[in-house]
Amino acid sequence: MAVMEIKNISTFYGNIQALHDISISVEEGEIVTLIGANGAGKTTTLMSICGITPVRSGEIYLDGKNITKISPHKIVEMGVSQVPEGRRIFPQLTVAENLDMGAFLRNDKDGIKQDMEEVFFLFPRLAERRNQAGGTLSGGEQQMLAISRALMARPRILLLDEPSLGLAPLIVQHIFEIIKKINEERKTTIFLVEQNANMALKIAHKGYVLQNGSIKITDTAENLLSNEEVRKAYLGL
Ligand code: ATP
């Protein structure tokens, strides 16, 4: 059974249809990426999954349970953690306090402590800065913190909205290496939304190409990287 199954969803903003009958399936242990240009509907897809922008038709399943009409906070409780575009960490709180916020639904103190140490092992830069205010971190460090905070919830699925946005190429590369490591070592299932198709397809198992609110192509990431249409339109080759 898929961890997340999106079945034929359509989402509207007033009269404007942003998503047209979209279907996406994410299996346990996979990194699945949704790539597409500006305005294709990537963020809308994430907002629909999280219950923030309600869908007009279709269904979304998490571990076989229909979550389509469930409230956003319940969806979080059920194991969907999102790292939103623009990161949105708590700037006044320290790194450690931000991580604690990510575990707010848990009360296993030892487990939380252990996960925090694991996160610090994954991101030594955050360990060095554990008592520093989040708002004083660099963009790349804030992205690391936002991903770490989401991991502190021990999610069934981690949703990432354009983690590369606004970051220098070397930092993007580092962030993507760590996303891959999180998937391989922690076995976290990941749904990665990206405009940077090249980077996303290099670490993903499977990809969906979104164009004007519709899925145009679905294939393994490997095949998409060599697909002529994808290369021309999304990889700039
Ligand atoms: P980007 O990479 O620029 O964030 P995206 O692929 O995430 O793009 P969306 O933000 O999902 O795209 O937008 C999809 C479409 O829905 C766009 O045409 C956008 O103008 C429209 N849209 C998004 N949010 C709203 C809103 N709150 N009200 C009306 N239309 C919206």
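Along each chain, residue indices are assigned from 1 in the same order as the chain's sequence is written. Per-residue local features are limited, in this predicted model, to residues with pLDDT of at least 70; the limit for side-chain atom pairs, both in listing and counting, is 80 or more; totals at the level of whole chains, interfaces and linings are taken over all residues. The side-chain values count all of the structure's non-hydrogen atoms but skip hydrogen atoms and water molecules.

If you check an unreviewed UniProt entry, the protein appears there as Fe(3+)-transporting ATPase from Gracilinema caldarium. UniProt positions are given in the numbering used here, feature names are shortened, and annotations may be inferred rather than shown by experiment. For the record of the protein, the UniProt heading Sequence similarities (unreviewed entry) holds the text "Belongs to the ABC transporter superfamily."

(A) Broad picture of the pairing of strand E4 (residues 57–62). The criterion for strand pairing is that DSSP finds at least two bridges linking the strands in question. The numbering of helices and of strands both runs from the N terminus, where a helix is a DSSP run of H or I of at least 4 residues and a strand a run of E of at least 2. Here five bridges tie strand E1 (residues 4–13) to E4, and the two strands are oriented antiparallel to one another. Looking at E4, one finds that Met4 is bridged to Leu62. Two elements, E4 and strand E5 (residues 65–66), share two bridges in a ladder whose sense is antiparallel. Residue pairing for E5: Tyr61 is matched across the bridge by Asn66.

(B) Geometry of the sheet that holds strand E9 (residues 206–211). Here six strands make up an open sheet; going across it, the order is E6-E7-E8-E3-E9-E10 and the pairing mixed. Each edge of the sheet is formed by a strand with only one pairing partner; in this case those strands are strand E6 (80–83) and strand E10 (214–220). Sheet twist, expressed as the average angle between the axes of neighbouring strands with direction ignored, equals 15°. The sheet contact formed by E9 and E10 spans six bridges and is antiparallel. Paired with Gly207 across the strands is Asp219, a residue of E10. Contacts are residue-level and defined by heavy atoms, with any inter-residue pair within 4.5 Å sufficient. Only the stretch in contact is used when a helix axis is fitted, and all axes are lines through C-alpha atoms; the angle between N-to-C directions ranges over 0 to 180 degrees. Packing of helix H1 (residues 42–49) onto the sheet brings it into contact with strand E3 (31–35), E6, strand E7 (157–161), strand E8 (189–194) and E9, and relative to E8 it is tilted by some 145°. Across the sheet, helix H6 (residues 139–151) lies against E6 and E7, angled at about 175° from E6, the strand it touches most.

(C) Layout of H6. Here a helix's expected span is defined as the number of its residues, less one, multiplied by 1.5 Å. Along its 13 residues, H6 runs 19 Å from first to last C-alpha, staying within 8% of the 18 Å computed at 1.5 Å per residue. Burial classes: relative accessible area under 20% of the type maximum marks a residue as buried, over 50% as exposed, and values in between as partly exposed (1.4 Å probe, protein chains only). Of all 13 residues that make up H6, twelve are buried, and the element is covered over most of its length. Of all the residues in H6, the buried ones are Gly140, Glu141, Gln142, Gln143, Met144, Leu145, Ala146, Ile147, Ser148, Arg149, Ala150 and Leu151. On its buried side, H6 packs onto E6, helix H3 (95–102), helix H4 (109–122), helix H5 (124–128), E7 and helix H7 (169–185).

(D) How the structure looks around the domain arrangement of the protein. Split by domain assignment, the protein resolves into domain 1 (1–79 + 157–237) and domain 2 (89–154). Where each domain begins and ends is defined by an automated method or by a domain database. The gap between the C-alpha centroids of domain 1 and domain 2 is 24 Å. The interface of domain 1 with domain 2 comprises 16 residues on the first partner and eleven residues on the second. A combined buried area of about 1,200 Å² lies between domain 1 and domain 2, and 77% of that area is made up of carbon and sulfur atoms. Broken down residue by residue, the surface that domain 1 buries against domain 2 is led by Ile175, Ile178 and Arg186, which jointly contribute 39%. Any carboxyl oxygen of Asp or Glu within 4 Å of a side-chain nitrogen of Lys or Arg constitutes a salt bridge here. The interface formed by domain 1 and domain 2 contains one salt bridge. Here the quantity called buried area is the accessible surface, traced with a 1.4 Å probe, that two parts lose on coming together, added over both.

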